[in-house]
Amino acid sequence: MIKILENQSLKTYNTFGIDASADFFVEVNSIEEIKEALSLTEEKKLPLLIINGGSNMLLTQDWKGLVLKINLKGIEIVREDEDFVWVKVQGGENWHEFVQFTLRNDYGGLENLSLIPGNAGTAPIQNIGASGVEIKDTMTELTALEIVSKKPRVFTNADCHFGYRESIFKNECKNQFVLLDVTFKLSKRNHVLHTEYGAIRLELEKRGIENPTIQDVSEAVIAIRQSKLPDPKEMGNSGSFFKNPVIPKFQFEELEKRYPNISGYASGDGVKVAAGWLIENAGWKGKRIGNAGVHEKQALVLVNYGHATGKEIFDLSERIIEDIYAKYGIQLEREVNII
Ligand SMILES: Cc1cc2nc3c(=O)[nH]c(=O)nc-3n(C[C@H](O)[C@H](O)[C@H](O)COP(=O)(O)OP(=O)(O)OC[C@H]3O[C@@H](n4cnc5c(N)ncnc54)[C@H](O)[C@@H]3O)c2cc1C
């Protein structure tokens, strides 16, 4: 039996620390409880908002409906052979703790994704990625509950239409499914390491490690992330606020003439430009407007200095988008979900 709370503050449920409230709020621990909550939203015609780890959303208003907080727990080995293991993780498990579980068991494939906040069930939605690795590289399938029919459906990796910070769940299937569990195929031996990302190589060198293990790679990634990114427990934020835009090659070449140190690399037919470079070069790094600001070490991260409203942070992001367009002719897109 689910327990519905009324007028619940969401401040501790989102890493931006925005003090919005929900008219109705329920924590769900099983599929049956999710179905019960969905029936209630149908019956009472309540708009539905799913919150998992709350690390990729900006709450710009109080939620005049029901917030479903996913609490599904469990990790199980569903199959294995000599070389690989298939591990299924429930959607409400903390992502980093799950990665640590795989490393304790010496399963390779997720080490570069250490310390990404949020929960496992959300990871496929934007195909989380860091230092050259994305979950699409190891995810085999996921189960999601269709909201209308309340029936579970299995999506294979190919069904998810993964792209850079993209999946079917941000497009054709947006707001139509509750993601329940995710399965990964991880290596048991002959691990393939991804240490080509410059900062990882340097960190391993600094530690005097020549033949790194997956655990060494994870520790290097953790150290790099801790030195660059603000901890949401200390300063509200949602990681990278904007995506790195992909622009046509000719446009990049034109910009390179004006800004010889512009940062970008080939991506498909175009060039992926570092949004952090654009924002920093436009003079926004470390700027503060009221309670909202651009982080002083990482221009891609917007921060809450204490009592910012979601609207203040949103307005700051609007100003940045307008300025970047005026200066470089590039339209920035938000990575964070605006609620
Ligand atoms: C400091 C910091 C660093 C970060 N670094 C990275 C990084 O390196 N790479 C990266 O890719 N991301 C990064 N992020 C973003 C974030 O960690 C990921 O996007 C993460 O997967 C979000 O998970 P969550 O559970 O917190 O999602 P939430 O914020 O709870 O939800 C995000 C969206 O998904 C929806 N949703 C949540 N759960 C479900 C579900 N079960 N079914 C259907 N819809 C659902 C929500 O309604 C919302 O729209 C970072 C964030 C922070 C704060």
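Every value quoted in this text rests on a predicted model; they were computed, and no experiment measured them.

Colleague: Just give me the short version of the site of the ligand, but keep the residues and values in it.
Modeller: Around the ligand, 34 residues are found, and the nearest of them are Ile50, Asn52, Ser55, Thr122 and Gly129. Asparagine 56 is positioned with one of its backbone polar atoms (N or O) 2.8 Å from an oxygen atom of the ligand. Here an oxygen atom of the ligand and a backbone polar atom of asparagine 119 are 2.9 Å apart. When isolated, the ligand has an accessible area of 990 Å², and the protein chains bury 93% of it. When contributions to the shell around the ligand are tallied by element, the ones reaching two or more residues are strand E3 (48-51), strand E8 (129-130), strand E12 (177-187) and strand E13 (236-240).

Colleague: Tell me what's going on with the pairing of E12, and back it up with residues and numbers.
Modeller: With ten of eleven residues buried, E12 is to be regarded as a mostly interior element. Where strand E7 (residues 84-90) and E12 come together, seven bridges link them in antiparallel fashion. Across the sheet, valine 89 pairs through a bridge with valine 182, a residue of E12. Here strand E10 (residues 139-146) pairs with E12 via seven bridges, running antiparallel. Bridged to glutamate 141 within E12 is threonine 183.

Colleague: Which residues make up the sheet that holds strand E11 (residues 152-156), and what values go with them?
Modeller: Taken in spatial order, the five strands line up as E6-E7-E12-E10-E11 in an open sheet, and their pairing is antiparallel. At either end of the open sheet lies a strand with only one pairing partner, and these are strand E6 (75-80) and E11. Within this sheet the neighbouring strands show an average axis-to-axis angle of 25 degrees, counted without direction. Both E6 and E7 contribute to a ladder of five bridges, which runs antiparallel.

Colleague: Run through the sheet that holds strand E16 (residues 270-273), naming residues and quoting values.
Modeller: An order of E14-E16-E15 is seen for the three strands of this open sheet, with the pairing classed as antiparallel. Edge positions in the sheet fall to strand E14 (246-248) and strand E15 (264-267), since each has one partner strand and no second. Recorded for the sheet is a direction-independent mean angle of 40 degrees between the axes of neighbouring strands. Examined bridge by bridge, E14 and E16 share three bridges and lie antiparallel to one another. Directly across from proline 248, in E16, lies its bridge partner glycine 270. Across the face of the sheet, helix H5 (residues 249-258) comes into contact with E14, E15 and E16 while running at roughly 90 degrees to E14.

Colleague: How would you summarise the packing of helix H3 (residues 198-206) against helix H4 (residues 214-228) if you had to cite specific residues and measurements?
Modeller: Geometrically, a packed helix pair is captured by the angle between its two axes and the distance between the axes. Put simply, H3 and H4 touch, their axes get as near as 9 Å, and they point 110 degrees apart. Between H3 and H4, the angle falls in the class roughly perpendicular. Of the residues in H4, those touching H3 at Ala199, Ile200, Glu203 and Leu204 are Asp216, Ala220, Val221, Ala223 and Ile224. Residues of the contact of H3 with H4, tallied by class, amount to seven nonpolar, no polar and two charged.

Colleague: Account for the layout of surface pockets, naming residues and giving values.
Modeller: Estimates place the volume of the second largest pocket at around 220 Å³. Taken together, 15 residues make up the lining of the second largest pocket; nearest its centre are Gly108, Gly109, Thr138, Ser187 and Val192. Among the elements that make up the lining of the second largest pocket, the one with the highest residue count is E12 (three residues). Class assignment for the residues of the lining of the second largest pocket results in five nonpolar, seven polar and three charged.

So, how was this worked out
- Residues numbered from 1 in each chain as written.
- Predicted model: local features only at pLDDT ≥ 70, side-chain atom pairs only at ≥ 80, totals over all residues.
- Heavy atoms only, no water.
- Near = heavy atom within 4 Å.
- Polar contact = N/O pair within 3.5 Å; in protein donor to acceptor, adjacent residues only side chain to side chain.
- Areas by Shrake-Rupley, 256 points an atom, 1.4 Å probe, with all protein chains shown as cover.
- Helix = DSSP H or I, 4+ residues; strand = E, 2+ residues; numbered from the N terminus.
- Buried < 20%, exposed > 50% of the residue type's maximum accessible area, 1.4 Å probe, protein only.
- Pairing = 2+ DSSP bridges.
- Axes fitted to C-alpha atoms, helices over the stretch in contact; angles between N-to-C directions.
- Contact = heavy atoms within 4.5 Å.
- Parallel < 35°, antiparallel > 145°, perpendicular 65-115°, else oblique.
- Nonpolar A, V, L, I, M, F, W, Y, C, P; charged D, E, K, R; others polar.
- 1 Å grid on protein atoms, 1.4 Å probe; cavity = no way out; pocket = protein on both sides within 12 Å on 5 of 7 lines; lining within 4 Å.
- Points joined across faces, edges and corners; volume = space filled by probe spheres on them.

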